[in-house]
Structure formats: structure tokens, C-alpha cells
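So you can see what is in the structure, the chains are spelled out below.
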Amino acid sequence: MSLTNQEPHDATENEGTCEGCTSRRHLLTVSSLAGVTTLGLAACGSSSAASQSSTAAAPASPTGEATVAMPLSDLAVGAKGTAKLDGGRSYLFYRVSETDIKAYRAVCTHAGCLVEVGADKDFACPCHGSMFDPATGAPTAGPAPSALAAYPAGVEGSNVVIYLEG
């Protein structure tokens, strides 16, 4: 809609309407339809994160060959880490205890961005602010609808290992 300098319209001419004026009835009809359309689109849109599964699926049992991700000394109990493996793909690690390691694919379930270790307790997606619990992979904040993809991992000798097949 462009505004230009025009002569004022007389709303009384032509039986209560004027050329170039929008009737009140037309304006109310268009406004009502716009509201209904907006509500309809919202109802048909994607489900909210609360209605979708946000808990992490348990990783499959380890199968195939273990891939060394990092030295065990690089991942203290309670610490998070990351490694590029499998042709440059990034994985996130969290050491729960001396022998319990959690591993996830570092791809945000919201928009596919690379999830980082993060400065706080959770893994962090820098794109839209999603945060993920390192112990479960489940989203704790942001728009991510579901948990990070989990992989079996563990300790073999002095290394943290991940099982990428399974």
C-alpha cells in the first residue's frame, strides 16, 4: 500500500462510499480471514518440542570395530570432549564415570548445525541456541525437537572408543 498526496475523499458521495476508499465491511472481512488463516497455519505447523520425543534413544549395542576417539587422559570424569572421525564427522563425548562414556553425533536436531562442547554444563548449538544434556543427549533449551543421535562408546585400554557401525 503506497501513500500519496491525494485530494481528501468525501465518504458521503456515491451512497456512503468513495472511489479509492476501502469499506469498513471489506476491511473487517479481510482482517477476519487473515486471523483465521494465521490460526489455521499455526495449527497445521510443526509440533512443538514439548510434544515430540526429547529423550535420547539408547545407543545400539556395540557392533563392529571400535574407533579410537581420543586418549582417555583427555576426557576426565565429568568432562566433555569432541573428535572428528569417520571422514571428518564431528562427535561429542561425555565421561560419566571411570568406565561410562556417552557419545553423540554433533548435529543439531533443529536445523542441522554443528553442536559444540559449550562453555557451560550442556552441549551448545551456536545457530539457534539449542542446548543438550551431555548425559542423555536430550534438549534442555532452544528449538531442538529431539535428542542428539547416540552412539555406543566406552573405554578400551587407555583410549575412549566409539562404535560407528550398528
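Structural data are supplied above this passage.
All values derive from a computational prediction rather than experimental measurement. Throughout, residues of each chain are indexed from 1 in the direction in which the sequence is written. With pLDDT at 70 or above as the cut-off, local features in this predicted model cover only qualifying residues; side-chain atom pairs require 80 or more to be listed or tallied, and sums for whole chains, interfaces and linings still use all residues. Hydrogens are left out, water is left out, and the side-chain values use all remaining heavy atoms of the structure.

Undergrad: Got a minute to help me understand the environment of glycine 112 in this structure?
TA: Of note, glycine 112 is situated in the loop between strand E4 (101-105) and strand E5 (123-124). The sequence separation of glycine 112 and alanine 144 amounts to 32 residues, and the corresponding C-alpha distance is 9.7 Å. Put simply, DSSP H or I for four residues or longer makes a helix, DSSP E for two residues or longer makes a strand, and each gets a number counted from the N terminus.

Undergrad: What should I look at first to understand the state of the cysteines in this one?
TA: Chemically, a disulfide is nothing more than a covalent bond linking the sulfur atoms of two cysteines. Any two cysteine sulfur atoms within 2.5 Å of one another count as a disulfide. All told, the structure shown has 1 disulfide when counted by the stated rule. One disulfide bridge connects cysteine 113 with cysteine 127, the sulfur atoms lying 2.2 Å from each other. Measuring handedness by torsion sign, the sulfur bridge of cysteine 113 and cysteine 127 sits at about -110 degrees and is left-handed. Taken together, the residues span a long stretch of sequence, with cysteine 113 in the loop between E4 and E5 and cysteine 127 in the loop between E5 and strand E6 (131-132) at a distance of 14 residues. Relative accessibility under 20% of the residue-type maximum defines a buried residue, over 50% an exposed one, and the middle range a partly exposed one, all with a 1.4 Å probe and only protein chains included. For cysteine 113, a relative accessible area of 17% translates into the label buried. Looking at the unpaired cysteine 108, the closest cysteine sulfur is the one in cysteine 125, lying at 3.8 Å. With a relative accessible area of 5%, cysteine 125 lands in the buried category.

Undergrad: Before we go on, may I ask you to explain the packing of aromatic side chains in this structure?
TA: Aromatic ring pairs are reported here in terms of the distance separating the ring centres and the angle at which the planes meet. Classification of ring pairs rests on two measures: the distance between centres of Phe, Tyr or Trp rings, Trp counted by its six-membered ring, which must be within 6.5 Å, and the angle between planes, read as stacked under 30 degrees, edge-to-face over 60 and tilted in between. Tallied over the entire structure, the rule returns 2 aromatic pairs. Summarising the aromatic geometry, the rings of tyrosine 104 and phenylalanine 123 are spaced 6.1 Å apart at their centres and angled 70 degrees between planes, so their arrangement reads as edge-to-face. Of this pair, tyrosine 104 sits in strand E4 while phenylalanine 123 sits in strand E5; the two residues are 19 residues apart in sequence, bridging distant segments of the chain. No difference in accessibility class separates tyrosine 104 from phenylalanine 123, as the two residues are buried.

Undergrad: Even after reading the chapter, I still don't get the sheet that holds strand E2 (residues 80-85), so can you show me in this structure?
TA: Sheets are built from strands that pair by backbone hydrogen bonding, the pairs being arranged parallel or antiparallel. Strand pairing requires that DSSP identify at least two bridges connecting the strands. Strand order in the open sheet made by the 4 strands is E2-E3-E4-E8, with antiparallel pairing throughout. What marks the edges here is a single partner per strand, and that holds for E2 and strand E8 (150-151). Sheet analysis places E4 next to E8, joined by 2 bridges and oriented antiparallel. Across the sheet, alanine 103 pairs through a bridge with tyrosine 151, a residue of E8.

Undergrad: Even after reading the chapter, I still don't get the sheet that holds strand E1 (residues 63-71), so can you show me in this structure?
TA: With respect to topology, 3 strands assemble into an open sheet ordered E1-E10-E9, the strand pairing being antiparallel. Here the strands that pair on one side only, and so sit at the sheet edges, are E1 and strand E9 (153-156). Each neighbouring strand pair of the sheet contributes to a mean axis angle of 40 degrees, computed without reference to strand direction. In this sheet, strand E10 (residues 159-165) lies alongside E1 in antiparallel orientation, the contact comprising 6 bridges. Across the sheet, the residue bridging to alanine 66 is tyrosine 163, located in E10. Between the N-to-C directions of two axes lies an angle of 0 to 180 degrees, each axis being a line fitted to C-alpha atoms and, for a helix, fitted only over the stretch in contact.

Undergrad: Whenever I open this one, the pairing of E2 confuses me. Can you help?
TA: Bridge count for E2 against strand E3 (residues 89-95) is 6 bridges, and the pairing is antiparallel. Its bridge partner lying in E3, lysine 80 is registered against tyrosine 94. Linking E2 back to E3 in an antiparallel pair, the connection comprises 3 residues, with aspartate 86 at a positive phi of about 50 degrees.

Any functional reading would require information that these geometric values do not contain.
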